[in-house]
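Tertiary structure, described
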Amino acid sequence: MLPIYKWPSPQAEKRLKQNVVFQPELENKVAQILERVKKDGDKALLDYTELFDGCRTTLRVDPREIKAAYQNVSPDYLSYLRQALKNIRDYHLLQKPHDWFTQAETGSLVGQVYRPLERVGIYVPGGTASYPSTVLMTALPAHVAGVREIVMVTPPNQQGEIPAPTLVAAAEAGVTEIYRLGGAQAIAALAYGTATIRKVDKIVGPGNVFVAMAKKLVFGVVGIDSLAGPSEILIIGEGSVKPQYAAADLLSQAEHDIHARAILLTPNLAWAEAVKKHLLEQLPLLPRREIAQKALAAQGAIILTEDLETALALSNEIAPEHLELLLEEPWSYLAQVKHAGAIFMGPYTPEPVGDYWAGPNHVLPTGGTARYAGVLSVADFCKASSILNYSLAGLKKAVDPVSYLAAAEGLKAHGQALKIRIKEEKENG
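Residues numbered from 1 in each chain as written. Predicted model: local features only at pLDDT ≥ 70, side-chain atom pairs only at ≥ 80, totals over all residues. Heavy atoms only, no water.

**Examining the side chain of T194**
In this fold, T194 is placed in the loop between α8 (183-192) and β7 (202-204). One polar contact links T194 to D42, side chain to side chain, over a distance of 2.6 Å. Excluding anything up to four places from it in sequence, T194 contacts V37, G41, D42, L45 and A189. (Helix = DSSP H or I, 4+ residues; strand = E, 2+ residues; numbered from the N terminus. Polar contact = N/O pair within 3.5 Å; in protein donor to acceptor, adjacent residues only side chain to side chain. Contact = heavy atoms within 4.5 Å.)

**Focus: the sheet that holds strand β3 (residues 109-116)**
With antiparallel pairing, three strands are arranged side by side in an open sheet as β2-β3-β14. With one partner strand each, in any of the chains shown, β2 (100-103) and β14 (382-389) form the two edges of the open sheet. Sheet twist, expressed as the average angle between the axes of neighbouring strands with direction ignored, equals 15°. As defined by bridge partners, β3 adjoins β14 across eight bridges and the pair is classed as antiparallel. (Pairing = 2+ DSSP bridges. Axes fitted to C-alpha atoms, helices over the stretch in contact; angles between N-to-C directions.)

**Section: the packing of helix α6 (residues 132-145) against helix α7 (residues 164-173)**
When two helices pack together, their arrangement is given by the angle between the helix axes and by the axis-to-axis distance. Relative to each other, α6 and α7 sit at 15°, their axes nearing to 9 Å. By the angle class used here, α6 and α7 are roughly parallel. For α6 against α7, the interelement crossing comes out right-handed. Residue-level inspection shows P132, V135, L136, A139, L140 and H143 of α6 in contact with α7, the latter providing P165, T166, A169, A170 and A173. Among the residues forming the contact of α6 with α7, the class breakdown is nine nonpolar, two polar and no charged. (Parallel < 35°, antiparallel > 145°, perpendicular 65-115°, else oblique. Left-handed = near helix turned anticlockwise from the far one by under 90°. Nonpolar A, V, L, I, M, F, W, Y, C, P; charged D, E, K, R; others polar.)

**Considerations on the nonpolar core**
Ranked by size, the top nonpolar core spans 40 residues in total, and within it L136, I150, M152, V175, I178 and F381 carry the most contacts. At the level of secondary structure, the elements contributing two or more residues to this core comprise α4 (63-69), α5 (75-93), β4 (119-123), α6, β5 (149-154) and α7. Broken down by element, the residue count for this core peaks at eight residues, all from α6. Apart from the residues within four sequence positions on either side, F381 is in contact with R115, P116, L117, V120, T138, P141, A142, A145, V147, V204 and L376. In terms of nonpolar packing, the next biggest core, distinct from the first, is built from 30 residues, A44, A186, I197 and V200 among them. (Core = buried A, V, L, I, M, F, W, Y, C linked by side-chain atoms within 4.5 Å. Buried < 20%, exposed > 50% of the residue type's maximum accessible area, 1.4 Å probe, protein only.)

**What about the pairing of β3?**
Bridge count for β2 against β3 is four bridges, and the pairing is antiparallel. Within β3, the position partnered with W100 by the bridge is Q112. The hairpin formed by β2 and β3 contains five residues between the paired strands, and G107 there has a positive phi angle of roughly 95°.

**Comments concerning the environment of T138**
Assignment of secondary structure puts T138 in helix α6. Excluding residues within four positions of it along the chain, T138 makes contact with I122, V204, G205, V363, L376 and F381. Looking at T138, its side chain comes within polar contact range of the main-chain oxygen of T134, at 2.7 Å. Here V135 takes part through its backbone oxygen, which lies 3.3 Å from a polar atom of the side chain of T138.

**Overview of the environment of A68**
Mapped onto the secondary structure, A68 falls in helix α4. A C-alpha to C-alpha distance of 45 Å links A68 and Q112, two positions 44 residues apart in sequence.

**A short note on empty space enclosed by the protein**
Summed over the entire model, instances satisfying the criterion amount to one cavity of 30 Å³ or more. What the largest cavity holds in volume is close to 40 Å³. Along the walls of the largest cavity sit E232, I233, L234, R261, I263, I318 and P320, which together make up its complete lining. Per element, the largest residue contribution to the lining of the largest cavity is three residues, and it comes from strand β9 (residues 232-236). For the lining of the largest cavity, a count of residues per class yields five nonpolar, no polar and two charged. (1 Å grid on protein atoms, 1.4 Å probe; cavity = no way out; pocket = protein on both sides within 12 Å on 5 of 7 lines; lining within 4 Å. Points joined across faces, edges and corners; volume = space filled by probe spheres on them.)

**A look at a nonpolar patch on the surface**
Together, Y80, Y356 and W357 line one region of the surface with nonpolar side chains, adding up to about 370 Å² of accessible area. Relative to the assigned elements, Y356 resides in helix α14 (residues 351-356). (Patch = residues over 30% accessible without salt bridge, like charges linked within 9 Å, V, L, I, M, F, W, Y side chains within 5 Å. Areas by Shrake-Rupley, 256 points an atom, 1.4 Å probe, with all protein chains shown as cover. Salt bridge = Lys/Arg side-chain N within 4 Å of Asp/Glu carboxyl O.)

This is the structure in C-alpha cells:
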C-alpha cells in the first residue's frame, strides 16, 4: 500500500517525478464551458450547477442565510475560528508593503507606492470536503491589503446549501459577496461577469483540474494567483523523531483526495519500516481511509536515500508544496533547502498546524512550481506604482545621457522631451 523504494531506482524516480498533466480534451471541455458562460451568463451558471452539483438554486447567498449559519456552528468552533483568524491576520499584517521614497542631491525624488486591488474573487473548494480554512487564507490577506470587494464562490451541496462553517468563516473574514457556484463556470463568471456577478480583477484559491484549467485559460483577462494541483507533502527524517509522527503526517495529506502525494525520504531503513507499520495501524481509524489508501498506493512512497544530503538534494528537485524537516535539529539543514512552498521545522510542527492555526498562508505552489513561485501573500492583492518627481537640476543632469540612450534606439523624440524643457528654462529663466 505504501511502497519502500531505494534511491536511485526507476520506481523511486517515477514516484518523485509524478505530476498532473493537463489533457487536451480537458482544455476543450473547459473552453466550451467558458464560452457558454460568456454567451448565456446566469442561465449557463444555473444549468451547470444543476448538471455538476445536482441542484437548481439561486446564485447569491442571502445575508439571512449567513446569519442563520451562526446558529448552526458550535461556540467552540466560533471561538477557535476567531483565534485562528487572529493568528492569520497578525501574520499577514507583517507582510503589508509600505510606500517608500528616496531623494537625490539634486532634489529629484523617486519611489514606489502600493495600492490594493479593488475587487477580487476567491475560490473555495467543495465537493468531498468543505474548507473554511481556505476562506480565511484567501480572504484575510486581501482584507489586510485593503481590498474593498471580496467575492467568494464555492460549490453547493445537492440541497443547494453551503456548509454553515464555511459561511461563518466568510463573514468573519470580511467576504462581501458569496455565490453558490463552483468549477470552471465559477471562474468564468468571475473573469467575464454576468448580470448577477460583476467581474473581478484577480482570482485566487485552489480547486480541481477543471478550476485550474479555467484559471489558465482566463489568465490575462484577470489576474491569477497560480494553477494549483493536488496537495503534496515531502517529509525528510533520519530516525531521531518518533515514527508515528511521520506516519500521521503522511496520512494528513493523503486524506485530501486520491490524487494527493505523500512521500518520505530517509536514509534509515529501520525507521522507514517503523513509519510504515504505524501508518498501517493509523489508517483504519480514519473516516477517509479509502481516499488516503488510494492516494498512498498511487502516488505515495518511502524512499531510502544514502544520507540526508541526498534527501535534501532530491527535495530541491521536487520543490514540494509542504516540506517537513522531521529532525531533532532541523535548523542545521535549513540552509540547504532551496525550493519549497512552506517548511515545517522539527518534531512538533506537523503540517496541519500550518493549514489552520499558525498564521502563514496555506495556499502554496504545487507540482514543482515552488522553483519560481511563492506562498499567497498580501502582495498578491496589491499593485505597485513607481513615483518620479524630478527637479530642474536633476533634469539637467539627465538630459545628455537620456538623449544619447534614446538616440541609440532611434527614438529622437524621447530626448527632445527633455531638451525642450531645458531650452525653455534657459530662455525664460
